[in-house]
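Close look at the chain arrangement
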Amino acid sequence: MIEKINITQWIIIAVSLVAAPFIGALIAGLDRKVTARMQGRKGPPVIQPFYDIIKLFSKQPVALHKLQILYAFLHLVFMMLVVVFLAMGQDLLMILFAHAFSTICLVLGGMSVRSPYSRIGSLRKIMQMLAYEPILILIIVAIYLQTDSFLAGSVMSMSKPMLWSMPLLFLSFLCAVAIKLNKSPFDVSTSHHAHQEIVKGITIEYAGPYLGIIEIAHFYETAILFFIIMMFWQTNLYIGFGLETLAFLAILILDNTFSRLTTTWMLKYMWSIPLFLSIANIIWLWSK
Amino acid sequence: MEITSFNLLLAVLIIAPVVFGVVAYLSPDKLRSMSIILCSVIVAAAGIMITIKPNNTFELPGSEMIATILEVAIVGIILYIAMTIKNWLILLMSLAQLGMIVAEIILAQTGHTVTHSYDFATDPLTKILILITSIVGPIIAIYAIGYMKSHQEHAPPTAASLGQFFFFFIAFLGFMNGLVMANNLKWFSFFWEATTLCSYMLIGQDGGESRKNAERALLINTFGGLAMVAGVLWLTVENKTESFEGLLAAKAVIPMVLLCVAAFTKSALLPFQSWLLGAMIAPTPVSALLHSATMVKAGSYLVLRVTPGFHDSPKVMMVITIIGALTFAGAALLAVTQSNAKRVLAYSTISNLGLVVACAGIGTPLAYAAALAIICFHAISKGLLFLCVGRIEQKIGSRDIEDMGGILYRMPVTTSVALIGMMSMLLPPFGMLLSKWMAIESTIRSPLILVFIILGSALTVFFWSKWIGRIQTSSYHPKFNKESIDPAMGFSLITLALGVLLTGLGSMWIFKEFLAPITKEVFAGRTDISEELWSVFNAAGNFAAVTLFVAVGIAFLAYWLLVWRRFKETDVRLPFLCGENAESTVYTTSAFHNSEGIRSYAFRSMGDKIENSWSSTTYLKNFISEKKVTIWLNLIAWVIIIILLGEAHLL
Amino acid sequence: MFNAVSKSPWVVHFNCNSCNGCDIEFLACLTPHYDVERFGILHIGNPKHADVLVVTGSVNNRNARVLQNVYNQIPDPKVVVAMGVCTSSGGVFAGCYNILGNVDLVIPVDVFVPGCPPRPEAMIDGIVKAVGILERKRKGEIFPTAPKPLCKFKPSEEQSTEKTAIKEEKTV
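Note that the structure is a prediction, hence the values are computed from the model and not measured. (Residues numbered from 1 in each chain as written. Chains lettered and ligands numbered in written order. Predicted model: local features only at pLDDT ≥ 70, side-chain atom pairs only at ≥ 80, totals over all residues. Heavy atoms only, no water.)

1. As for the side chain of Asp571(B)
The line we're drawing: What counts as a helix is a DSSP run of H or I of at least four residues, what counts as a strand is a run of E of at least two, and both are numbered from the N terminus. Identification of polar contacts relies on pairs of N or O atoms within 3.5 Å, with a donor-acceptor requirement for protein atoms, meaning one able to donate a hydrogen and the other able to accept it, and with residues adjacent in sequence counted only if both atoms are side-chain atoms. Pairs of residues are marked as contacts when any of their non-hydrogen atoms sit within 4.5 Å.
As for its position among the elements, Asp571(B) is in the loop between helix H24 (545–564) and strand S3 (600–604). Of the polar contacts made by the side chain of Asp571(B), one reaches the side chain of Gln60(A); its length is 3.5 Å. Those residues within four positions of Asp571(B) in sequence are excluded, and the remaining contacts are Gln60(A), Pro61(A), Val62(A), Ala63(A) and Arg566(B).

2. Overview of the interface of chain A and chain B
Note the cut-off: By buried area we mean how much accessible surface two parts lose on assembly, using a 1.4 Å probe and totalling the loss over both. Take a side-chain nitrogen of Lys or Arg and a carboxyl oxygen of Asp or Glu: if they are within 4 Å of each other, that pair is a salt bridge. Each residue is assigned to one class: nonpolar for Ala, Val, Leu, Ile, Met, Phe, Trp, Tyr, Cys and Pro, charged for Asp, Glu, Lys and Arg, and polar for all the others, Gly among them.
If you look at the interface, chain A gives 59 residues, while chain B gives 69 residues. For the pairing of chain A and chain B, the buried interface totals around 6,000 Å² over both sides, and the portion due to carbon and sulfur atoms is 75%. Taken as a group, Lys66(A), Arg114(A) and Arg119(A) account for 14% of the area that chain A buries against chain B, more than any other trio of residues on that side. The tally of links between chain A and chain B comes to zero salt bridges. Viewed at the interface, chain B and chain A are joined by eleven residue pairs in polar contact (both at pLDDT 80 or more). No other element matches the 14 residues that helix H5 (residues 116–147) of chain A contributes to the side of chain A that touches chain B. Its residues placed into classes, the side of chain A that touches chain B shows 46 nonpolar, six polar and seven charged.

3. Re the environment of Lys125(A)
Residue and element names in this part refer to chain A. In plain terms, the rule: Throughout this description, buried means an accessible area under 20% of the type-specific maximum (1.4 Å probe, protein chains only), exposed means over 50%, and partly exposed covers the range between.
Within the secondary structure layout, Lys-125 lies in helix H5. Among the residues examined, Lys-125 registers a relative accessible area of 9% and is labelled buried. Residues Lys-125 and Gly-110, spaced 15 residues apart in sequence, show a C-alpha to C-alpha distance of 9.8 Å. Setting aside residues up to four positions removed in sequence, Lys-125 forms contacts with Thr-103, Leu-106, Val-107, Asn-182, Ser-189 and Ile-202.

4. As for the confidence of the model for chain C
Residue and element names in this part refer to chain C. This is how it is decided: Residue-level confidence of the predictor, termed pLDDT, takes values from 0 up to 100.
Overall, the prediction assigns chain C a mean pLDDT of 80, with 81% of residues at 70 or greater. Confidence drops under a pLDDT of 50 for residues 146–172, and excluding neighbours within four residues, the segment shows 32 contacts in the predicted structure. Listed scores for the predicted complex are pTM 0.90 and ipTM 0.90.

5. Quick notes on the pattern of salt bridges
Summed over the entire model, instances satisfying the criterion amount to 25 salt bridges over all chains. Taking the shortest distance from any N to any O, the salt bridge between Arg260(A) and Asp187(A) comes out at 3.6 Å. One end of the pair, Arg260(A), is in the loop between helix H9 (237–257) and helix H10 (263–270); the other, Asp187(A), is in the loop between helix H7 (167–180) and helix H8 (208–231), and 73 residues separate them in sequence. Notably, a salt bridge pairs Arg391(B) with Glu483(B), separated by 2.7 Å at the nearest N-O pair. Note that Arg391(B) is positioned in helix H16 (residues 365–396) and Glu483(B) in the loop between helix H20 (447–471) and helix H21 (487–505), a separation of 92 residues in sequence. Glu483(B) carries the same exposure label as Arg391(B), and that label is buried. Three or more residues joined by partner-sharing salt bridges are found here, namely Arg32(A), Arg41(A), Asp52(A), Asp35(C) and Glu37(C).

Spelled out as structure tokens, the structure:
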């Protein structure tokens, strides 16, 4: 497959690999700034995440053992692979599985250490995956039903924006994004804010540059998710950008108004309302 | 009948294991190991050679009589067993089977003509299963040599002898080969019953409690055997044929449905899954060979062989698909609640067999290829996992997942092999994920099945991740322990692990070179398959397996360059227990830190007392009660079976 | 690498045996009225992610070991800020039988912030000073620290009772 890539595609891949973490970091920085303004304070500068990453890489690399670091590397490499696949317009199920691999590597890294908080955080992360994965597969199925192709590039050939034909799926996808970005009420496994009940959960035993690697992978993930949200209005990317901003604000408001709820509530909720809405949407598309 | 190389290979594949089984039964220990290894080499070589040869058929003169005599003999043996264990249900069913066979004999005598066809044949589907049985089977047999040595030391006095064990174990390989090569349904049902008998004897190896589980297995499999013999009788009477070829040509729905019901019992789909769970009490090589890699595949093989001819009965196919999909999701749900390692593997096997049957029922080229792929990759991975669990169980003395923490230091080789096996079950770029991906893509047009498959695969990820996480928990050790492993067991583990890695790396090549041509051949001349379905099938070549391996390689390389050589002991820290860690040093040179082993975290509590805390994995036992869910699933599955029989106008 | 440590100092907070007065004032720094997050300071609960260790309360025999444990888990470069007068001399509890008094006896402190409790502005001032020291530590300046007297607290093994004896597991 590598031999079929021409020079333009290589450039696109390189640009997206370099640009994605920058975009993700900016989104994270905006997140903190807007949250601060919502709470009536000034908040850190928007480029604060860059300072965080640079600081992390200048710290002493401490860890509990070597295996967990391998998992951090795998987590980052596969998140980058997802970006590469998206840039090349590859099979969407492949992309989903590569993304799942990445998350599982993070989970395994958390479980590979003898730390109770890390272990509980990892188990909760698996339950988060259990909660949102059906919805992601259903979105891919919906795209297939409309374009007869699993390739990511095929959505550009649709005449109408995806939001028109998949509104319920879009709402469920927003819930899935909230879970993936660890926003309340779903921030059961780890979060960017202060002490959790399990003190940072999965990432608790990562320090210095290894935490930096996980943070960069998180930026990649943020960029990917918001890119997909933008693609829900793929016919006019400016409106897509506006959609993205609205989704960003909605998730932020959700995060700041809700407090953390339990993992079992999250499973029950995601497997009832969003799942049924998504299945309804699929059945409507299938019967058309 | 001339002696061609094909006929010779056929005879070797079927008869040689039985002969070697007798030799193993009669010989003392040292000689037994030699004969098993010799048998393995011969069978493996024969299997590979017959696969390379072009497809061929074989007709045995006088096979009618031989097959009937053998069938009567086998049913007679089961009847005898039923009488000794006083199980009246099995007795009744065996009597009914015997009655039907006798009816067939009478019919043949009174001039009822039946079109003859060849008795044995090899075609591509057969070859895949021959390869699995002849390569994976002997590897497991070699493992068994090492495993049973120490198993027999701890065996209870009611256990059967090693000679009897190895007789049935090795002879089973011959029966399985015969089963997949048989075209004549009489031979097929003989081999089917023979594998049931082997399974019964091997499950009851340890005696005592395991006899009950063996009885249950015999009961359910005899029910399947009854359905099979009934189907063959119907086929002989109504359609005047007794071969697979004839069944597919005549498009006889009723025998096909009866054969499918028999297949469901053998493959332990819902509602017949309880025997497989009980069979886990057998020694681990038995679980690996019979109950994951080969025998239970016989049922799915049967479904794969008959369903391509029945696309004209969409309702029947739909019901078969629904049972398969329900099994896939239901068994995955139940596997989440299990903490016994072998039961988790058993539920996972049931789940994957359900997926095979579901794909076979869908009937499109991509689904067929997906079913083939699952059979191939699952056999290797699951066999490997059972072997690893057997070795781990011998080492730590427990089958519970919760006890498997910390084995990464004690047995690094076994743990790495187990990790490879488990990752191959659910992660890209290994073959199982390729097949799941193809399965999802092929069920696109049926939303109900799709929902089951999606829920099932999400649950699969859940229970595998829990287990993988537990198995590789460890503390810092500057050097790994040198593991002492029995050479026979070590050989099998490493070979299968290499097999998993190589088939994973070459999964796309396997698909293009083997599975795609087989599918094209099976669906040749089918005018009802649309262009779109063929294009989806061809697009399956987009699975970027090599890219994923390259990515893994990049991660390993970066890790090795940046971390492995630079990580110093002074960089190691204690885990965060709010500062109350009870260990005073960062690590100890011994494997465990406190009396409860690596399961628990020792911390200093009030009064400076050292307490142990422990975090287990989630089994969701409050939400999923295994008993209740099994009852509901069985109920729904029985209803579906009755609908299936109704669709075939049997009820 | 340009100086990012001073732009993003993450704080972990440890309360030795404080009356919680200093803790409340410290947490007040995070509120919108004082808002230390605009300097990039995050209140992290986990020593492995932190740069600055904020200690309140006078150390006693029992949590000296815990404080050393938490301090050891913080990766270099790190600074310690001791808030409140209890941390430097014991404050109102100076001379009591149950406290050690000076946090510097247990871990090397970089900045003392006196007050009972110190005002949030004083706390922020102390943290800013500490961040300056942190930056110089990152550049490689070695800060001489006084040799620590041995901790009065005995290691754990001598205080174990029979029930809590740790068994050595045989290697395989």
